[in-house]
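# Survey of secondary and tertiary structure
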Amino acid sequence: MPSLARTSAPASLLAVASILALVAASCSPAQDPPGRATDDRNPAPSTPPAAAASLSPLAAPAVPALPSPAQPASAAPGSSSAGSASLASLAASSASPKEATLPGQGAKIASIAMRTWIYVAPDERSTKLGYLRAGAVVDRAELPAGTEGCAGGWYRIAPRGYVCVGKGASLALEHQVVAAAVRGPRRGAPVPYHYVMSGSPPPHLYFRLPTPEDQRRVEGSTLNVHLARAAIAPSSLPLDPVPAFLLAGRDLPKPYGAEEKLHYSVHTGRAKESSAFGLITTFEWTNRRFGLTTELDLIPLDRTRPARLSALRGIVIKDLDAETPANASDAAPPVNPSSAASASAPASAAGSAAAEPPTDGAPVSPPSPPPPGTDPRIDPALKGAPAFVRVHGTSRHRPSASGGSLVDAGVAPFRSGWVLTGRTRGGAKGLLETTEGSWLAGDHLVIAELRKDPQGFARDGKKWIDISIRRQILVAYEGTRPVFAALISSGRSGMADPEETDATVRGSFYIHAKHVSTTMDGDDEASEAFDLRDVPYTQYFHEGYALHGAYWHDEFGKARSHGCINLAPADAAWLFEWTEPAVPPEWHGAVNIEGGGTLVYVHG
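A brief look at the structure comes next.

What counts and how
- Residues numbered from 1 in each chain as written.
- Predicted model: local features only at pLDDT ≥ 70, side-chain atom pairs only at ≥ 80, totals over all residues.
- Heavy atoms only, no water.
- Helix = DSSP H or I, 4+ residues; strand = E, 2+ residues; numbered from the N terminus.
- Buried < 20%, exposed > 50% of the residue type's maximum accessible area, 1.4 Å probe, protein only.
- Contact = heavy atoms within 4.5 Å.
- Areas by Shrake-Rupley, 256 points an atom, 1.4 Å probe, with all protein chains shown as cover.
- Core = buried A, V, L, I, M, F, W, Y, C linked by side-chain atoms within 4.5 Å.
- Salt bridge = Lys/Arg side-chain N within 4 Å of Asp/Glu carboxyl O.
- 1 Å grid on protein atoms, 1.4 Å probe; cavity = no way out; pocket = protein on both sides within 12 Å on 5 of 7 lines; lining within 4 Å.
- Points joined across faces, edges and corners; volume = space filled by probe spheres on them.
- Arc of directions from axis to C-beta.
- Pairing = 2+ DSSP bridges.
- Polar contact = N/O pair within 3.5 Å; in protein donor to acceptor, adjacent residues only side chain to side chain.
- Disulfide = S-S within 2.5 Å.
- Phe/Tyr/Trp six-rings, centres within 6.5 Å; stacked < 30°, edge-to-face > 60°.
- Lys NZ or Arg CZ within 6 Å of the ring centre and 35° of its normal.

What follows is about the overall build of the protein chain. Check the secondary structure of the protein chain and you find 12 helices and 35 strands. Counting only residues that meet the buried cut, the protein chain has 55% of its 604 residues in that class. A separation threshold of at least 6 residues defines the contact pool for the protein chain, and within that pool the share at least 24 residues apart is 73%. Summed over all atoms, the accessible surface of the protein chain reaches about 23,800 Å², with 54% contributed by carbon and sulfur.

As structure tokens, this is what we get:
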């Protein structure tokens, strides 16, 4: 798989290029697909998985008559489509006029566009704070704050900002886009969606549940042969009920701003060659598994394969000078981040469970007295430094029960992260002690260079990120104290000129835009080029250069991207929640053009 390529920003972004600065640089977004913003509104059960599985191959379940498109509701509070309905609900409630202009009184608003912008004031000329993804439902005020430039009214939403009711947002919570986007991203998981990579040929994009006859007509006479072969490989993706919206025989809608493709009988053609998809739900239909993509397309999953997430995890670094338990030296070693478990656990499984935290690099009490042969002085350059194992089969040693010598304690997993105490045996190239109590060979480690606020970044304890291209290590700081470290994949051209090559830009920057997920295009070697959908936890810090998770490769610790900083999914998720600007739980993105985002310092 490639890393992300330089692409042109879409037309919808060009209008706000001065804000997002996403034009004419590597890793620029291509298109932002829709999807709900929370995962607690699952579709009502309709056809149980067991019932669907009992159908014979390509058997045709009964499909109800096609209903008319959903009409805006006007009776229920929080679901009205006009300001008068809000006034009526206010009159019937105990809310004061002041309370009615604030969210939190029970009223809701839904995003029905690919990006529903949130403004700092009820004025489209005011600063953008962020956006909602299609299908997101958030708290709003009962009454609009005005209608200037917005006939449907500006509504204040939680936790801040204003949204215009119109093409981008609706007070009708039964809107067809909301009903179709049955689930949103999973914040806190290593990846916000389940991911699949297309096969060859790529899957067709259906816009309604296809009958067996539809599938044969669209996919050809060899479909049964393909299905017989595909049935041999069991799927590891979760299985949900068929969404009620689709079971009712309705066509999938496209949110405002989405590309409208040519419609055939039940599909809109094939996906691009070598595509990757984020899925919001998967289910069985006609004894065949289908997935609903974040762009609200329906794809047969036997034409894809699950992406395989890297199990790599960075280290959360606790204060080495903090008080530690007396028995801390008995702590277990760090979790193996790239063990055989990562080869057997597909990405889909990781996306269906809560994210495991990165390896905890908690300090421990070093042996007292130190084993014979320990250098008498603490190396200040190593004390508290994060380090990663870069050699397979690296031996791990621990003090013997008597404390008189070091004994073999097994193997330190490749790419596992450790925090050093500064104690050495034979200097920095000899054996180095870790906070866990193990000793590792210094020349088998890549060690981060700790920085003490070289340019005034950390005044007043502010957050900042240090990225070393040569070491391929990222360290996050709070003031002068490192709190997190991870391996990365930066631009594959190393220290070359970013204007002429795929090197990562170097310098000091501020994170100015964050997306729970966004879509990027790859243009690597033809055999590895992918159209990458819903790249997770993307944080832009300079033009099109970004920090983001990568679900298509597991080569962290090596330079291989087109300029962006690739992170293992769990590390990208951790960093996304730590940096500024913060993205509220229901939002899909946030922007900051005032330079107040977390500082990113990229160097050699």
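The biggest cluster of nonpolar side chains holds 74 residues, and the ones touching the most others in it are F283, L298, L445, I447 and Y551. Sorting elements by how many residues they give to this core places strand β13 (residues 276-285) first, with four residues. With residues near it in sequence (within four places) discarded, F283 still touches L209, L239, D240, P241, V242, P243, L246, R288, R289, F290 and L298. The next biggest cluster of nonpolar side chains, apart from the first, holds 41 residues, and it includes I467, V505, V516 and I565.

What follows concerns the pattern of salt bridges. When the charged atoms of two side chains with opposite charge come close together, those side chains can pair. Overall, the coordinates contain 22 salt bridges when judged by the stated rule. Two residues, R217 and D214, come together in a salt bridge whose shortest N-O distance is 3.0 Å. With R217 and D214 both in helix α7 (residues 212-219) and three residues apart, the pair spans about one turn of that helix. Bridged by salt links that share partners, the residues E219, R288, D302 and R303 form one connected network.

Time to look at empty space enclosed by the protein. The full count for this structure, using the stated rule, is one cavity of 30 Å³ or more. In this structure, the largest cavity encloses a volume near 60 Å³. If you go around the largest cavity, the residues you meet are A448, E449, R451, D466, S468, R471, I473, V475, Y477 and H603. Taken together, the elements giving at least two residues each to the lining of the largest cavity come down to β26 (463-468) and β27 (473-478).

Along helix α8 (residues 223-230), the residues classified as buried are L223, H226 and L227. All buried residues of α8 lie within an arc of 95 degrees about the axis, which places them on one face of the element. Residues of α8 that are buried sit in contact with α7 and β14 (288-293).

As a further point, take the sheet that holds strand β3 (residues 108-111). Taken together, the three strands give an open sheet; going across it, the order is β6-β3-β9, and neighbouring strands pair in antiparallel fashion. In this open sheet, the two edge strands, each paired with only one partner strand, are β6 (137-139) and β9 (169-170). Two elements, β3 and β6, share three bridges in a ladder whose sense is antiparallel. In the sheet register, A110 faces β6, and the bridge partner there is V137.

Tracing the backbone through its elements, the reader meets S126 in the loop between β4 (116-119) and β5 (128-132). At a separation of 3.2 Å, a polar atom in the side chain of S126 contacts the main-chain carbonyl oxygen of A121. A polar atom in the side chain of S126 sits 2.6 Å from the backbone oxygen of D123.

Another aspect to go through is the environment of A485. Positionally, A485 belongs in strand β28 (residues 481-489). Overall, the relative accessible area of 0% leaves A485 in the buried class. Contacts of A485, omitting those with residues within four sequence positions, involve G314, I315, I317, P386, F388, L474 and V475.

Let's shift gears to the state of the cysteines. Put plainly, a disulfide is one covalent bond tying together the sulfur atoms of two cysteines. For the structure on display, the rule yields one disulfide. Note that C150 is cross-linked by a disulfide to C164, the S-S spacing being 2.0 Å. Here the S-S torsion is close to 100 degrees, and the disulfide linking C150 with C164 is therefore right-handed. Taken together, the residues C150 in the loop between β6 and β7 (154-156) and C164 in strand β8 (residues 162-164) connect sequence positions 14 residues apart.

Within the secondary structure layout, S111 lies in strand β3. Its relative accessible area of 0% is what places S111 among the buried residues. Reaching out from S111, the side chain makes a polar contact with the backbone oxygen of R133 at a distance of 3.3 Å. If we ignore the near neighbours within four places in the chain, the residues touching S111 are T116, L132, R133, A134, G135, A136, G168, A169, V177 and V178.

As a general feature of sheets, a regular strand has side chains that alternate between the two faces. The buried fraction of β5 amounts to five of the five residues, a majority that puts the element mostly inside the structure. Judged from the four bridges that link them, β4 and β5 form a sheet pairing that is antiparallel. The residue bridging T116 from the neighbouring strand is L132, located in β5. One ladder, built from two bridges, connects β5 with strand β34 (residues 589-591); its direction is antiparallel. Within the sheet, the bridge partner assigned to G130 lies in β34 and is A590.

This brings us to the packing of aromatic side chains. In total, this model carries 10 aromatic pairs according to the counting rule given. Judged by centre distance (6.3 Å) and plane angle (75 degrees), the ring pair of Y206 and F290 falls under edge-to-face. In this pair, Y206 is assigned in strand β11 (residues 204-206) and F290 in strand β14, connecting sequence segments 84 residues apart. Judged by its relative accessible area of 0%, Y206 is buried. For F290, a relative accessible area of 0% translates into the label buried. With 5.0 Å between their ring centres and 85 degrees between their planes, Y551 and W552 make a pair best called edge-to-face. Take Y551 and W552: they sit in the same class, and that class is buried. In textbook terms, an aromatic cluster arises when at least three aromatic residues are bridged by ring pairs, as seen for Y195, Y551 and W552. Geometry around Y131 places R115 over its ring, the cationic atom sitting 4.5 Å from the centre. One Lys or Arg, R425, reaches over the ring of W439 and ends 6.0 Å from the middle of that ring.

Another point: unusual backbone geometry. S200 connects to P201 through a cis peptide bond whose omega is 0 degrees. Here P201 shows up in the loop between β10 (194-198) and β11. Cis geometry marks the peptide bond from E580 to P581, where omega comes out at 5 degrees. Along the chain, P581 turns up in the loop between α12 (569-578) and β34. Its identity as a non-glycine residue notwithstanding, S274 has a phi of 55 degrees, on the positive side. The residue S274 is located in the loop between β12 (267-270) and β13 in this model. Of the residues examined, S274 reaches a relative accessible area of 21% and is grouped as partly exposed. Although it is not a glycine, T286 adopts a positive phi angle of roughly 50 degrees. Its place among the elements puts T286 in the loop between β13 and β14.

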